[in-house]
Amino acid sequence: MIGGILTSLGFVFSAFAGSLLHLYLGLGVLAGSGWALVFAPALGTISRYFSRRRVLAVGLALTGNGVSSLLLAPVLQLLLDTFGWRGALLLLGAITLHLTPCGALLRPLELPGDPSALPRGPLAALGLDLFARRAFLVFALGTALIAGGYFVPYVHLAPHALDRGLGGYRAALVVAVAAVADAGARLVCGWLADQGWVPLPRLLAVFGALTGLGLLAVGLVPVVGSEEGWGGSLLAVAGAYGLSAGCYAPLVFGVLPGLVGIGSVVQATGLVMMLMSLGGLLGPPLSGFLRDETGDFTASFLVCGSLVLSGSFIYMGLPGAVPSCNPASPPATPPPERGELLPIPQVALLSPGAPHSTLEATC
C-alpha cells in the first residue's frame, strides 16, 4: 500500500518538474522506491499463498509484465499526443494509485515455518543473514550475473534490429514477437514446474542456459538484405529468446521457498530484486558502450549472453540442479488446495531441517 502511494506521488511530482533533477527525484527516487515496495511483497505473498501451484501462480503474476509491455507503449504514445508529457505523468500517477487498494487485498497469513520472534539485529531484519546459507549464496551470485545480460534485449533489441537492416515497424515486430513468446512461456513453464517431474533448480539452470544461448544467437544474426525484408532469422531467434527468458522468470522466484524456507521468502525476494536491479543498471550501459566501440550490437549480445551462461553454470551448485548419484525418495504429496489460499504449505519441501528438503539433497 505504501509503495502504491509513493509511486503515484513520484509520477505526480514529476509532472510538475522544472528541471532534470526534479525528474530524477520524482521518477528515480520516489517512483522507484514505490515500485520496490510493491514488487517484492507482492511476489513474496504469492509464494506464501500457494503450495502445489506456486510457480504457475508466480508465472501468472509475472505475465502482466509482458502484457503491459505490449499495451502500454501505444497507450502512452496516445496520452503524450493528447495531453503532453505532464498530463501523461499525472494520469499515470492516478493509475498507479490503484496499487494501494490492491495491496490492501493481500491478506497476510501465518504459516508453519514462520519465525516465532522478530529478527534481532539489522542484518537479520534486512535478510542479509540469508547470504550465510550456501544455497542462497550460490543462487544470488548466479542471479546477479544473469541479470547483467537478461535485461539488455528490453533496451537494445529494437536498435539491434534496425542495425541489422530492418525498417521501423519490422524492428518493432521483433520486439513484439519476443514479448509474446515471453508472456506465454511464463504460463507454460509455471505449469511444467509445478508437475514435479524435474527439480526446480535443474529447470532454473537449464532455462538460464537456453536464455544465454538465445542472446548469443540474437547477436550472431546476419544483416538483412533490405529494409523491405522481414528478417525471418532475427524473428526466429527473438522468439526463441523470448520463450527461454519467459521460462526462466517464474523459476527465479518459485525456487526461493525451497532454498530459504517459507518464513524468509519475502526477504529473499527483496534481495533477489536488488541483485537483479544492480544487473539491470550495469548490463544496458555496458551494451551501449560496446555498441559505440564496435559499431554494432554483436559484441554487446555476445558478452551479455556469456554473462547469462556463466550465471547458469553457477546454478549447477544448487541442491538438486545436478542429478543425484543416489536419488532420494520422492517428497510427500502436497496437501490438497483449499480454495485459493493454502494456509498449510508443503513443509517437507520448505523447512531446511525437513527430511526431504532441497537443502539436504546430496550426491
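Here, the structure is the one placed above.
Attention here is on the structure that accompanies the text.

Thresholds applied
Residues numbered from 1 in each chain as written. Predicted model: local features only at pLDDT ≥ 70, side-chain atom pairs only at ≥ 80, totals over all residues. Heavy atoms only, no water. Helix = DSSP H or I, 4+ residues; strand = E, 2+ residues; numbered from the N terminus. Buried < 20%, exposed > 50% of the residue type's maximum accessible area, 1.4 Å probe, protein only. Contact = heavy atoms within 4.5 Å. Areas by Shrake-Rupley, 256 points an atom, 1.4 Å probe, with all protein chains shown as cover. Core = buried A, V, L, I, M, F, W, Y, C linked by side-chain atoms within 4.5 Å. Patch = residues over 30% accessible without salt bridge, like charges linked within 9 Å, V, L, I, M, F, W, Y side chains within 5 Å. Salt bridge = Lys/Arg side-chain N within 4 Å of Asp/Glu carboxyl O. Axes fitted to C-alpha atoms, helices over the stretch in contact; angles between N-to-C directions. Parallel < 35°, antiparallel > 145°, perpendicular 65-115°, else oblique. Left-handed = near helix turned anticlockwise from the far one by under 90°. Nonpolar A, V, L, I, M, F, W, Y, C, P; charged D, E, K, R; others polar. Disulfide = S-S within 2.5 Å. Phe/Tyr/Trp six-rings, centres within 6.5 Å; stacked < 30°, edge-to-face > 60°.

1. Some remarks on the overall build of the protein chain
A count of helical and extended segments in the protein chain gives 14 helices and zero strands. Within the protein chain, the fraction of its 363 residues that count as buried is 42%. Across the protein chain, every contact between residues at least 6 apart in sequence was considered, and the portion connecting residues at least 24 apart equals 79%. Carbon and sulfur atoms form 72% of the exposed surface of the protein chain, whose accessible area is close to 17,700 Å².

2. Details of the nonpolar core
By size, the foremost hydrophobic cluster in this structure holds 62 residues, and its most contacted members are Phe136, Phe139, Leu204 and Phe253. For this core, the element with the highest residue contribution is helix 10 (residues 232-254), accounting for twelve residues. For Phe253, the residues in contact, after removing those within four places along its chain, are Phe39, Leu43, Ser47, Val58, Leu62, Thr269, Val272, Met273 and Met276.

3. Points about the environment of Val218
By the secondary structure assignment, Val218 is in helix 9 (residues 200-219). With 15 residues separating them along the chain, Val218 and Ser233 place their C-alpha atoms 9.0 Å apart. Every residue in contact with Val218, bar those within four places of it in the chain, is listed here: Leu157, His160, Leu234, Val237, Ala238, Tyr241 and Phe301.

4. Things to note about a nonpolar patch on the surface
Taken together, the side chains of Phe13, Leu20, Leu21, Tyr24, Leu25 and Val29 make up a nonpolar region of the molecular surface, amounting to roughly 600 Å² of accessible area. Element by element, the count of residues in the nonpolar patch is highest for helix 2 (residues 20-49), at five residues. By the secondary structure assignment, Leu25 is in helix 2.

5. What about the packing of helix 9 against helix 10?
Packing of helix 9 against helix 10 leaves a shortest axis separation of 8 Å and a crossing angle of 150°. When the axes of helix 9 and helix 10 are compared, the pair comes out roughly antiparallel. At the point where helix 9 passes helix 10, the crossing takes the left-handed sense. For the pair helix 9 and helix 10, the contacting residues are Leu200, Leu203, Leu204, Phe207, Gly208, Leu210, Thr211, Gly214, Leu215, Ala217 and Val218 in the first and Leu234, Val237, Ala238, Tyr241, Ser244, Ala245, Cys247, Tyr248, Leu251, Val252 and Gly254 in the second. Among the residues making up the contact of helix 9 with helix 10, the classes are represented as 17 nonpolar, five polar and no charged.

6. A short note on the state of the cysteines
Per the counting criterion, the structure on display carries zero disulfides. Summary of cysteine pairing: Cys189 is not part of a disulfide, and the nearest cysteine sulfur, belonging to Cys247, is at 4.2 Å. Note on Cys247: relative accessible area 11%, which makes it buried.

7. Digging into the packing of aromatic side chains
In total, this model carries ten aromatic pairs according to the counting rule given. Seen in terms of ring centroids, Tyr150 and Tyr248 are 5.6 Å apart; in terms of plane orientation they differ by 45°. Their pairing is tilted. Separated by 98 residues along the polypeptide, Tyr150 in helix 6 (residues 134-150) and Tyr248 in helix 10 bring together distant segments of the chain. Accessibility expressed as a relative area gives 4% for Tyr150, which makes it buried. In this structure Tyr248 comes out as buried when scored by relative accessible area, which is 2%. Members of the aromatic cluster, joined through ring pairs, are Phe131, Phe136, Phe139, Tyr150, Phe151, Tyr154, Tyr248 and Tyr315.

8. Section: the environment of Gly261
By secondary structure assignment, the location of Gly261 is in the loop between helix 11 (256-260) and helix 12 (265-294). Note on Gly261: relative accessible area 4%, which makes it buried. A sequence separation of 149 residues divides Gly261 from Pro112, and the C-alpha atoms of the two residues are 9.9 Å apart.

9. A look at the packing of helix 6 against helix 10
Between two packed helices, what matters for the description is the angle formed by their axes and the separation of those axes. At a minimum axis separation of 13 Å, helix 6 and helix 10 run at an interaxial angle of 145°. Pair helix 6 / helix 10 crosses with left-handed handedness. Note on element contacts: helix 10 touches helix 6 through Tyr241, Ala245, Tyr248, Ala249 and Val252, opposite Phe139, Thr143, Ile146 and Tyr150. Classifying every residue of the contact of helix 6 with helix 10 by side-chain character gives eight nonpolar, one polar and no charged.

10. A few points about the pattern of salt bridges
For the structure on display, the rule yields two salt bridges. Of the charged contacts in the structure, one is a salt bridge between Asp163 and Arg291, with a shortest N-O distance of 2.9 Å. A residue pair is termed long-range when its members are at least 10 positions apart, and Asp163 in helix 7 (residues 152-163) and Arg291 in helix 12 qualify at 128 residues. Classification of Asp163 by relative accessible area gives partly exposed; the value is 29%. Of the charged contacts, one joins Asp182 and Arg186 as a salt bridge, the two residues approaching to 2.5 Å between their closest N and O atoms. You can see Asp182 and its partner Arg186 sitting in helix 8 (residues 168-194), four residues apart, about one turn around the helix. Given a relative accessible area of 7%, Asp182 falls into the buried group.

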